[in-house]
Every structure is written in structure tokens, then in C-alpha cells.
Amino acid sequence: MDNKGQNSYYRGLEIMADVCIGCSHCMKVCPTEALRVSGGKATIHAEWCIDCGNCYRVCPTRAIRVVDDDFEQIYKYEHRILLVPSLFYSQFEDKMDVSTINNIIGEIGFTEVCPVEIGVDYLIEEMNKYIDESPVKPVISSYCPAIVRLIQVRFPSLVDNIMTLLPPLEIAAQYHKNRYVEDGVVAENVGIFYLTPCVAKIVAVKDPVGGYKSPITGVINMDLMYSKVLLAYKQKRFGDGSIKTNEDITSNAIRWASTKGEANATKGVALSIDGISHAMEFLEKVENGDIEGVDFIELRGCDESCAGGILVRGNRFLVSDDLHKRASVAPWINPHVKEIRKYCAEYMKFDGVQPRAFMKYGSDIKIAIKKMEDVRNLKKILPGIDCGACGAPSCEALADDIVSGERELNNCVFMQVKNEKAGTLQADEAISIMEKIWGKKYDS
Amino acid sequence: MELEYKVEGGDFTQAGYASSQVKKVLKQLGINPIVIKRVVVALYEAEVNIVAHAYRGVITAFLNEDGIRLVLDDEGPGIPDIDQAMVKGYSTASKEVREMGFGAGMGLPNIKDNADEFDIVSEVGKGTRLNIFIKYI
């Protein structure tokens, strides 16, 4: 595939060819059909990828790598702030409370720890104003970056529905950066790190939409941090308590990353939908104009929202349950709203999101129509069972690949059998075709 | 390229099938979303008209280089006075159809508003043919 390894979009996932066994599990779960198997390895169409992480979840050999930042880079900064999602704490056993974990994070190397959701209460005020004033309805949350990419790639007509307010993560980052700078600290000495539960957020930080530039210095893998914290705890390295912390966080903030977190906090008719396939089903309806009277939709790529993130070690249902329990005993009022507004108000809005629609058949309409007609004709010949044995996820995807010259009709096993019977294809030729796709899976 | 869809009178659950299929095709061709919206609105209204008023019909979509032509042929009662049917709010839809939320008399005018070319011929007792064209740019 021509775009393998080089593309104009930052990607949070990478397939390690030496580990990949070309089993096609990833190909079958990709919601945008961005994966293929060729030469016995999975390959990716970078511009179709929305960083949802479905492939990472199902890979049996861990051949898909998260492109995160090196942990050691934190020591380049005198002030090392870690922005921690509240769900991080919900993965540990009860006796490891928030303060214990924060002190361990200090022991591991950070100088300050802050909840990612610190700006949520301020955001709620802004969101309600935004939704109220928006001429385009329903307003779609900008919270989940995989959803934002999905809309850019698959539902370009809905980009203007995406709320142009920064997500809590960026509010927290702006708040800390500006606070340090106002205190007279040189900006270069402040490292703001984000502990991420998923890859989509890595990409959102490195390659944000809407002309925004994130002040976040680096992204730390939550899975890695979980192990580090647990190890320190087992070794009784509890830290000296010198880490700066801010544990003032409200119910709404704790719940934010879980399903209904946003929808329950906004006024008007608000829906919450989690899971990429559910989101796609609903966006289709919104695009068709079938949805009326809905003011706001919270859409999350993962089942159980961020508790189901691919870098979350805890069980998503238990993590979600714990978030709700903690939220039920947390305060309702955030004493820092005024301060956060002061530091963040001028950065709150980003420019609109641009569509990133892929022109499947190219930009020349005459050629595109011809190609599409060819694809439709091929689909009539193909068996329509989407078995994936050709190395493409569906018969339609194979038809697309044939028309674009990347695959041939004989990649389909049904065509092979037919041609063998007709005497136009020899058995060893068929085997050679299959080996080209899947590599040598057996001794032939 | 030519796409064909059959529509049965009275089958409201299927109304919208052709427009959503055509939408899918136009999206894959990378047509401007604003134009797609116009096509979907016009075609959906026209589809509902067949379901609500006719016995059956055939929708043919011709994808040309410069735009999409939609021809909707139905067998049905026909429209006795087309000028009157084009008046916003005028409707002959039955009580049942109105109860389902259709037949507000906005269909034909809405189709015309969204189309670059609009042509309708009808023969009472036989059927109606609607021919619309929407440019991609």
C-alpha cells in the first residue's frame, strides 16, 4: 500500500511487521475498513484511520504498538505536571486512595499532579451557553477525538455540528501553563504531561483539529503508569508527600469521562451514545435529517466511554461503577471556577473542524463515477459473504481494491475455485496467490 | 451510472430507502455535503409522495458528470391540477397519512426549491412523472 509508513496525519498506532502474523483479526474490527492483509502482514490506510484502537484491542500477538512519548523525557523539565483522568484512580483496590496514588506519582518523578477534569465545571457553563446559542443542532461534543476524526472522515457534512469548545484536558493544560507563567516561571521549564487512557487522545494532543496548538509537552501511557504505580506500592515506595496536588474535584468532573458524564450535566435534550458502531448508526440518522428536537449528543468511541479505553487496565464496568460511587460523595461546587475562567477564557474556542473525507475514487468526478460503476459490477460477481480470505475486510472493499489496482479478482477464493474448475487457474497458482496475501501459513 | 429503486404505495417504513442509498453513493463520490443534503431532501419528499399517493413507482437516479438526474415514475391517481399542487400548504393527503406526520402540502414546493431543474407531468387515473436535476457544483 503506497501510504504505509508515510502520511500527513499523525498516527497513534503502528503495526510492527516483525511481530504481526497476518491473522486479520484487526482487519475485521476496523470501523472505517482501513486495514488489509498483504504479504502475510496487516497494513493500514493511514488517512482512513480514526485512532479508535479497535485493532489494538483484538491483536492476539500485541503487534500493534502505541506511539507514546518516552517517560524519561519528563526529567528535562524542572516543573513536571501530570494531568490525571479521574478514572485512573478507579482501577486500583480501595485501600489505594487518591492521596496515596498521588504521592506515589510524586515518587515516580512528577512534581505536581492535577485532575484532567479540573475545568469541567467551567466548561459546563460555557457548553450550556454554546448549545443554547448554536444555530446548528444537535451540537456534537468535541470530547472524544476518535469521534471527531470519525465525523471528519465519514460524516463530513456534520463537521459544523461539532462543538468548538476545548475539551477538559486542554482546559487543564492551559490553566496550568498560564498559571506557572504568571507566577514568573519560564515556560520552557514547565512540562505538562497527560496520562492517556487511549490512542485517540495522543493524536488529539499531537495533531489537534481547528487550528489549535496544545500546550501539552508529552503524553504518558496509562497502562505503563498503572504498572509503575502498582510496583511502587508493592515495594512500599510511597513518596515523601512533597508532590503538589489538587484534589478539589466535583461530582460532575469525576463522572465526566464516563457515559452520560456530559449529557447529564447539560441543559435541554441531551443524548449519550458510546461505542463506535452505535455512534455511526446514530450519525447516519443525524446526517439524513431524521433526528429532530435533540440539542446535544455526547458520543464516545469506546464502550463504557473512557473507562473502556484501550490503555485502561481495570475492567471497564468496574471502573465506571467506581467513578459513579466516588462522584456520589464528591462536592458539587468547584471553588476554582473563577480562577480557571481567568486563565482559560481566551483559549476556550477553537476554529471549526475541517472535513477529512477520503475520496475513495479520486477527485475527478468522471473517473470516480466510472470506478464506482466498476465496483458495483464486481460486487455482483463476488459472493457477498465478506469472509476476508482475500485480505480485504469485505467483498465491497475487495471490489474497491481491484478497481484501484491494488488487488485482483483471483484473490477471492470463490473466483479461484471457479477458475480452477474452468481450467484457467492451476492449483499451484491459487496457492501462490494465497501465499502472497497471507504469507506461508502451512507447508505447501 | 444508473441506479434503480422500486417503491410500493402505502409502505411508509420503506420510504427513505432510495434517498439513503443515493446519499451513500454521492458521499463516496465526494460530492459537496450541501449538495448531498439537497438531493436527499428532494428525493425523500418525492419518495414519500409515491408512498402516500400512488400505488407503486420506480425511481431512477442517473449519475452524470455534472449532476444527478432523478426520475420518479409512478402508477397512481395522478395530479388533476399541478399549479395548485405546487402551492405551499396545499395537500390532498388522507387523514391517515397526515396522522403519520406526512402530507403537510410542502412536498412538491420543497422538491422544487432544492432542485436546479424541475419538471412534472401527470395524467389523471394513470400516474405522475417527476424529473429533477441537481448540479454537483
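Along every chain, residues carry numbers that run from 1 in the direction the sequence is written. For naming, the first written chain is A and the first written ligand is 1, with later ones following in the order written. Local features in this predicted model are restricted to residues whose pLDDT is 70 or higher, and side-chain atom pairs enter the listing and the counts only when it is 80 or higher, whereas totals over whole chains, interfaces and linings include all residues. Hydrogens and waters are ignored; side-chain quantities use all the structure's heavy atoms.

Our next topic: the pattern of salt bridges. Any Lys or Arg side-chain nitrogen found within 4 Å of a carboxyl oxygen on Asp or Glu counts as a salt bridge. Following the criterion strictly, the structure yields 29 salt bridges over all chains and no others. In this structure, D73(B) and R129(B) form a salt bridge, with 2.8 Å as the shortest nitrogen-oxygen distance. Taken together, the residues span a long stretch of sequence, with D73(B) in strand β3 (residues 67-75) and R129(B) in strand β5 (residues 127-135) at a distance of 56 residues. Using a relative accessible area of 40% as the deciding quantity, one classes R129(B) as partly exposed. By sharing partners, the salt bridges in this structure join E125(A), E126(A), K129(A) and R341(A) into a single network. Comment: elements are numbered from the N terminus, with helices defined as DSSP H or I runs of at least four residues and strands as E runs of at least two. We call a residue buried when its accessible area falls under 20% of the maximum for its residue type, exposed when it is over 50%, and partly exposed in between, using a 1.4 Å probe and counting protein chains only.

Right, let's get into the side chain of N114(B). One can find N114(B) in helix α5 (residues 107-114). Dropping the residues within four chain positions of it, N114(B) is found in contact with R38(B), V41(B), A42(B) and I134(B). Residue contacts are counted whenever heavy atoms from the two residues lie within 4.5 Å of one another.

This part is about empty space enclosed by the protein. Residue and element names in this part refer to chain A. The definitions used throughout rest on a 1 Å grid laid over the protein atoms alone, on which a cavity is an enclosed set of points accommodating a 1.4 Å probe that cannot get out and a pocket is an open set flanked by protein within 12 Å on both sides along at least five of seven lines; lining residues are those having an atom within 4 Å of a point. Grid points are joined across faces, edges and corners, and a volume is the space filled by probe spheres set on the points. One pass over the structure, following the stated rule, counts eight cavities of 30 Å³ or more. Along the walls of the largest cavity sit 15 residues, with S142, P145, P167, A204 and V209 positioned nearest its centre. Residues are grouped as follows: Ala, Val, Leu, Ile, Met, Phe, Trp, Tyr, Cys and Pro are nonpolar; Asp, Glu, Lys and Arg are charged; all remaining types, including Gly, are polar. Residues belonging to the lining of the largest cavity are distributed by class as follows: eleven nonpolar, one polar and three charged.

Our next topic: the pairing of strand β12 (residues 296-300) of chain A. Residue and element names in this part refer to chain A. For β12, a buried count of five out of five residues is recorded, marking the element as mostly surrounded by other parts of the structure. Burial along β12 is two-sided: the residues F296, E298 and R300 and I297 and L299 are all buried. Bridge count for strand β7 (residues 139-140) against β12 is two bridges, and the pairing is parallel. By the bridge assignment, V139 is partnered in β12 with F296. Here strand β11 (residues 270-274) pairs with β12 via five bridges, running parallel. Strand pairing is assigned whenever DSSP detects at least two bridges linking the two strands.

What follows is about the sheet that holds β3(B). Hydrogen bonding along the main chain pairs the strands of a sheet, whether they run parallel or antiparallel. Residue and element names in this part refer to chain B. Read across the open sheet, the five strands follow the order β1-β2-β3-β5-β4; overall the sheet is antiparallel. Taken across any chain shown, the strands that pair with only one partner, and hence form the sheet edges, are β1 (2-8) and β4 (117-123). Between one strand and the next, the sheet's axes are offset by a mean angle of 10 degrees, whatever the strand orientation. In the sheet, β4 pairs with β5 via seven bridges, with the strands oriented antiparallel. Across the sheet, the residue bridging to E123 is G127, located in β5. Only C-alpha atoms enter the line fits that serve as axes; for helices the fit covers just the stretch in contact. Angles between N-to-C directions range over 0 to 180 degrees.

Let us look at the confidence of the model for chain A. Every residue gets a pLDDT, meaning the predictor's confidence in that residue, from 0 to 100. Residues with a pLDDT of 70 or more make up 97% of chain A, whose mean pLDDT is 92. Scored below 50 in pLDDT, residues 1-7 of chain A shows twelve contacts in the model against residues more than four places distant or in partner chains.

What follows is about the domain arrangement of chain A. Residues and elements named next belong to chain A. Domain extents, as shown, originate in an automatic or database domain assignment. As assigned here, chain A comprises domain 1 (13-66), domain 2 (71-347) and domain 3 (365-438). For domain 1 and domain 3, the distance between their C-alpha centroids amounts to 21 Å. The interface formed by domain 1 and domain 3 includes one salt bridge. Residue R36 pairs with D401 through a salt bridge whose shortest N-O separation is 2.6 Å. In protein, a polar contact requires one atom able to donate a hydrogen and another able to accept it; more generally it is a pair of N or O atoms within 3.5 Å, and residues adjacent in sequence count only if both atoms are side-chain atoms. The interface formed by domain 1 and domain 3 contains seven residue pairs in polar contact (both at pLDDT 80 or more). At the level of secondary structure, the elements contributing two or more residues to the side of domain 1 that touches domain 3 comprise α1 (25-29) and β2 (35-38). Ranked by residue count, the leading element in the side of domain 1 that touches domain 3 is β2, at four residues. Residues belonging to the side of domain 1 that touches domain 3 are distributed by class as follows: four nonpolar, six polar and three charged.

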